[in-house]
Every structure is written in structure tokens, then in C-alpha cells.
Amino acid sequence: VKVNKKQGSDLLPIQLASIPAIIVVVLAASIILYSALTLSATNAKLSNQPAEFVGVNNFLAATEDHRFIESLLSQALVTTLSVSVEISLGLLLSYEICKSTKRVQSFAIVMLVIPLSISQIVIGSIWVFLFNHAFGLVSYVLNSLSIRTIDLMNDPSAALLLVVLADVWQWTPLVIIIMLAGMRTLQRNIWDAAEIDGASDISFIRRIVVPTLRPFIIIAIVLRILESLKIFELLIPFQGTVSLPNFYIFTQSFHYGELGYASALGLLLFILSSSILIVFLRIRGER
Amino acid sequence: MPFFRHFTKVVGLAIAAAIVVGPIAWTVIESFKSEEDLISRTPVWLFAPTLEPYRYLLVSGSSFLPGRSFVQLLLNSFVVAGFSSIAAVLLSLPLAFLISRVRFNWFSRFSTPLLYLSFAFRMVPQFSIAIPLLNVYRTFGLTDTLFGLILLYSVLNLSITLPVFSGAFSRISPEVNDAALLDGCSQSTLFLRIAVGSIAPNIFSALPLAFLLSWNELPYARILTRSDALTAPVGVLMMIPPPKDFDAEVFQFMGSVAIFQILPAMILVLLLRRFVLRAWEDYIVD
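Rules of the game
Residues numbered from 1 in each chain as written. Chains lettered and ligands numbered in written order. Predicted model: local features only at pLDDT ≥ 70, side-chain atom pairs only at ≥ 80, totals over all residues. Heavy atoms only, no water. Helix = DSSP H or I, 4+ residues; strand = E, 2+ residues; numbered from the N terminus. Buried < 20%, exposed > 50% of the residue type's maximum accessible area, 1.4 Å probe, protein only. Contact = heavy atoms within 4.5 Å. Areas by Shrake-Rupley, 256 points an atom, 1.4 Å probe, with all protein chains shown as cover. Rg over C-alpha atoms; globule rule 2.2 N^0.38 Å. Buried area = accessible area lost by both parts, 1.4 Å probe. Salt bridge = Lys/Arg side-chain N within 4 Å of Asp/Glu carboxyl O. Nonpolar A, V, L, I, M, F, W, Y, C, P; charged D, E, K, R; others polar. Phe/Tyr/Trp six-rings, centres within 6.5 Å; stacked < 30°, edge-to-face > 60°. pLDDT = per-residue confidence, 0-100. Core = buried A, V, L, I, M, F, W, Y, C linked by side-chain atoms within 4.5 Å. Axes fitted to C-alpha atoms, helices over the stretch in contact; angles between N-to-C directions. Parallel < 35°, antiparallel > 145°, perpendicular 65-115°, else oblique.

1. With respect to the overall build of chain B
Along the backbone of chain B there are 14 helices and zero strands. Counting only residues that meet the buried cut, chain B has 55% of its 286 residues in that class. Here the analysis covers contacts within chain B between residues at least 6 apart in sequence; of these, 74% occur between residues at least 24 apart. Entry remark: accessible area of chain B is about 12,500 Å², with carbon and sulfur atoms responsible for 70%.

2. Description of the overall build of chain A
Secondary structure assignment for chain A yields 13 helices and zero strands. Listed N to C, the secondary structure of chain A is α-α-α-α-α-α-α-α-α-α-α-α-α in terms of helices and strands. Rg of the C-alpha trace for chain A: 24 Å, well past the compact-globule value of 19 Å for 287 residues, more than 25% over. Principal-axis analysis of the C-alpha atoms gives chain A an extent of 80 × 75 × 30 Å.

3. A word on the environment of Leu98(B)
All names here are of chain B. Looking at the secondary structure, you find Leu98 in helix α4 (residues 70-101). Of the residues examined, Leu98 reaches a relative accessible area of 0% and is grouped as buried. Along the sequence, Leu98 and Ser166 sit 68 residues apart, while their C-alpha atoms lie 8.1 Å from each other.

4. Looking at the interface of chain A and chain B
With 90 residues of chain A at the contact, the number on the chain B side is 89 residues. Across the interface of chain A and chain B, roughly 8,200 Å² is buried in total on both sides, 78% from carbon and sulfur atoms. Connecting chain A to chain B are zero salt bridges. The greatest single-element share of the side of chain A that touches chain B, amounting to 18 residues, is contributed by helix α2 (residues 12-40) of chain A. Looking at side-chain class alone, the side of chain A that touches chain B contains 62 nonpolar, 19 polar and nine charged residues.

5. Regarding the packing of aromatic side chains
Tallied over the full model, the rule gives 19 aromatic pairs over all chains. Pairing Phe97(B) with Phe169(B) gives two aromatic rings, centres 5.3 Å apart and planes at 85°, and the pair type is edge-to-face. Taken together, the residues span a long stretch of sequence, with Phe97(B) in helix α4 and Phe169(B) in helix α7 (residues 146-170) at a distance of 72 residues. In this structure Phe97(B) comes out as buried when scored by relative accessible area, which is 0%. An aromatic cluster is built from Phe232(A), Phe247(A), Phe250(A), Phe254(A) and Phe127(B), whose rings are joined through pairwise contacts.

6. Side note on the confidence of the model for chain B
All names here are of chain B. The predicted model of chain B has a mean per-residue pLDDT of 81, with 90% of residues at 70 or higher. Considering each helix and strand of chain B separately, the mean pLDDT is smallest for helix α14 (residues 273-285), with a value of 64, and largest for helix α11 (residues 219-224), with 91. Interface predicted TM-score (ipTM) for the complex: 0.81; the corresponding pTM is 0.85.

7. Side note on the pattern of salt bridges
Pairs may arise between side chains of opposite charge once their charged atoms sit close together. All names here are of chain B. For the structure shown, the criterion picks out seven salt bridges over all chains. Across the salt bridge formed by Glu30 and Lys33, the nearest N and O atoms sit 2.7 Å from each other. Comparing Glu30 with Lys33, the two get one shared label, buried. The partner of Glu52 in a salt bridge is Arg55, with the nearest N and O atoms 3.4 Å apart.

8. Focus on the nonpolar core
Judged by nonpolar contacts, the single largest core of 143 residues is most densely connected at Phe253(B) and Met254(B). No other element matches the 19 residues that helix α8 (residues 156-183) of chain A contributes to this core. If you look at the next biggest cluster of nonpolar residues, it comprises 32 residues, including Leu98(B), Leu114(B), Ile172(B) and Phe191(B).

9. Some thoughts on the packing of helix α10 (residues 201-212) of chain A against helix α11 (residues 214-228) of chain A
The relative placement of two packed helices is expressed as an angle between their axes plus a distance between the axes. All names here are of chain A. Where α10 meets α11, the closest approach of the two axes is 4 Å, and the angle between their N-to-C directions is 70°. Relative to α11, the element α10 lies roughly perpendicular. Taking contact as the criterion, the partners of Val210, Pro211 and Thr212 in α10 are, on α11, Arg214, Pro215 and Ile217. Taken together, the residues of the contact of α10 with α11 break down into four nonpolar, one polar and one charged.

And the structure:
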């Protein structure tokens, strides 16, 4: 008890030193939240004309905004598809990488960082051009195998799948890195024992890897869900063929200048994303 | 049979590597092609390389930027990413130490929400808070300043440094802790002399992660900067050759941009390779 008391007074300099960080985070959060609440109740425009108070009208308008609802549905599809592919692919590939030699492992890690280091606008361009109807490499290969290709830019649902593909390509490496970090915590002798007992890869993954890596898998899923809600730059090369909520809010605010309405939409998206985060923190807390 | 298994595994990994590297390698190759070769229906493998896209990116394309060259924007990006990562480390070290130390008093009740709050900042879709943020920045005159960007990115980077450091601090063995305190070491000396030193690997694992995320950040920089504080990603957006309809020329341009994004990342990763996995381990285990 004595030591504890001494510790308490002793910590004062460190407490003082940590005040800036606390102030920055708390102040930023409260100012932004306050500003969001006040803005979303007005009809503020980008052009500096005076804003009027409109109450909850912006939120009512959002429920009737077909393009907003459509973007939410597209988001649901993109998130479900890309996250499930990324997690299962990431699990399989990280398992293979983990079984190989140290040299392969460090080579793989360097390779995996490449997609993560490129901005999404470049990645979007890469995939849009690979699938370009006229001169894309993938279209060329498919055509020479006499498979007919379609112009993705005229087909919103096909373009949506290309978004999923680009997302999977960029973020599966991250899932692999997370899983590799998790597999390092698996004891070497578990691997050896499984090999001696003649366990097949699939049953080893199902019985041993998945249960022990549960916290890592959960965090990968949540990170990926939340990150996929942030898809924005990736859609720029698609030139409006695909619209997801984060992108739609951007268009509303900076193309149409509807700042008030856009902040109301933003608030809705914020609630969606933070409730996913809260559910995740609950799961993690129970661990 | 073992040979066969080994063989399929090598082939499998090679295919996986090709899928990862292929699209980028192809894009970079294409950036050296003349436009004619680029839009030909059958891929051209032998061609006279052109440096036109690079000239455009570094010199002539700057006419689309308000009085800045792309090199200056790269410098801006470097300053912003560097300062915000270092600021996040300095800001979060004492706070993370407190969080790891003071388990059972008023502070612990207050510190957990703080961790979540910093995490939420990074995770919410940018445009859900971008407009209020712009509003606040306008009020305080922070728009289009490097300081404003550094401030914002520091807060975003706290979401990485805080959990990583507080986890690392709490893993310092209690023996070390008690021995230091018994020898009459004060908490602040313990913090400065022992604790910070012993989590150095974690600091080096969090820094490149924070740097890279700020280096490529577009949405916030897009709305908060106009000319003075433009960063490279926003510059790329402005320099997309008109009529901005993502034709072959834009593809070439993107290929040349890709190099400038991959290089710093590769350098950081090669220098700090052994910390990459560690960063995730820290981030997740804690």
C-alpha cells in the first residue's frame, strides 16, 4: 500500500507530460462532434451563403435518398464479398508461408508490403486499365482464350466486382501479415506433433490454427469491415460507375455543395461505423 | 512424393507472388511505353522506352499545380508524415506509460475510453467527419497549413502508437520495475531511463507504420489543403492529365506515380523488416 501511494505522487511529472495527448484527442473529438451535430441541422452550402436551421429535415431526406440507399446496399455487397475472400485467402496463404523456410518468409513479407504502400487511386487505375475493354492486359488474355469480355465501365454490377477484386488484391496481404503475427505465437512443437500424427492441412487449420488465432481473425475481420467502409480513392478511376457511402458523401459536399445534408449523411455513416467498432470492443473485452 | 509436394508448393508461392507483384510491375513497365505501344490491342513486349510520363510528373505536369512543383509536394508529404509520426510517438509515450502503470484508480477508468477514442478517429469513414472538420479548421485558420495537417495526422497516428506502447510498457517485467523503485529510482527516472529504452523495438515498429499511413493519406489532405500545404497524393489528383477520363495517358501517369509510393515504403521495410510483424503483434495482442 505504501509503495502504491508513493507511486501515485511520483507519477506527477509523467501525468503532466501526458496532458497534451489527452487534450488533443478529447478536444478534437468534442469539437468535431459538436460541429457535426450543429451543421447537420442546417442547410449550409459550400458557397458561403448564410445557413438556416432545418431541424431533422436532413435526416428525413436521407431516408428517401435513393442513391444514398443504393450506395449503402453496394457497400454491404462489397464488404461481405471482399472481407470473406480476404479472410479465407489470408488464412490459407499465411499458413503456407508460415510452413516454409525463414528465407521465403522474409521475402514474402517484403513482397506483401508493396500493395499496402500504394495509394488506392493508383490501385484503382491499375485494375480499371487491366480490365480495359480496348487495350487491357486481362481483356487481351481472355479474348485470346476466346472468352468474350464486356465493358465494365458500362456495367455497374460488374464494376462493383472489380472494386471487390481490387480491394481483395490490396488488403489480403494485410490479413496475411496479421495472421503471420498470430501464427508466430503457435508453438513449434504443435506443428511437429500434427505432422507426426499425419494431420492433413485442412484439419490442422480447422482444429488448431483457427481456434488459437481467434483474436487475430476477429481483429482482421473488424479492421477490414471498418476499412472497407472507408473506400473512397479507389472509386475515382471508376468515374461514377460505382458509388459507395463515403464517396457519395464526398460528391454531395464538394460537387453539389450541400454541406448541411452531407454532414447529416456523415453522421449516419459515423453511427454505423462506430457501432461496429463498439460491438468489436465488446467481443474483445470478453476475451 | 516429397519432391512433388515441394514442387507444387514452390509453384504455388510463385504464382501468389506473381499475382501480388504482376499488376504493379506491368503498370510500371507500361509507364515507359509510348502511348502508341500502350493502346495496341496485343501487348507490346519490345519497345523503345520513353521517359515522358516522368518528365510530366516531375516537370511539365506542375502547370496544373498552383505555383508548386511535384518535388515540393513530395517534400511537403515527407515533412507532414515525418513530423506527425514523431509527434505521435512523443505525445503518446507518457500517456501510454500512465495507462500501463495506473491500473486501479480514476485514471484507468478514464484511459480506456481515451484509447478507443483515438482508435475511432482512424477508423471512421473520412467524409463522415470531414465537413465538420473543415468547418473547425476554417474557424481556427488552420486550412492549407502544414501545421494543420501535422496536427490532424498526429491525432490519427495516436491510434497506432498509444495501444502499441501501452501494451509494450505493461510487458516490462515487474522485477525490473521493482528493482528500480527499490534502488530509489523515481517513476519519471524509471520512465526516461529504463521504460522508454526497453520498448525501443516497438517504437521502431510503430514509426514506419504511422509514416506510411500519413505519406499516402488523401481524403483529409484533399479538403484541407489548397496550395501552400499540398501533399503529393493531392497533387497526383490535380495532375491527372485532362480530360481526366482515365485513358491510356492517365494509366502511364499512374505507373510513374506508383514508383514514388513504392520506393519509400520499400526502403523503410527493408531497413525495419524484422519490426513489421512485430508491429502487428503489438497492435493486436494488446
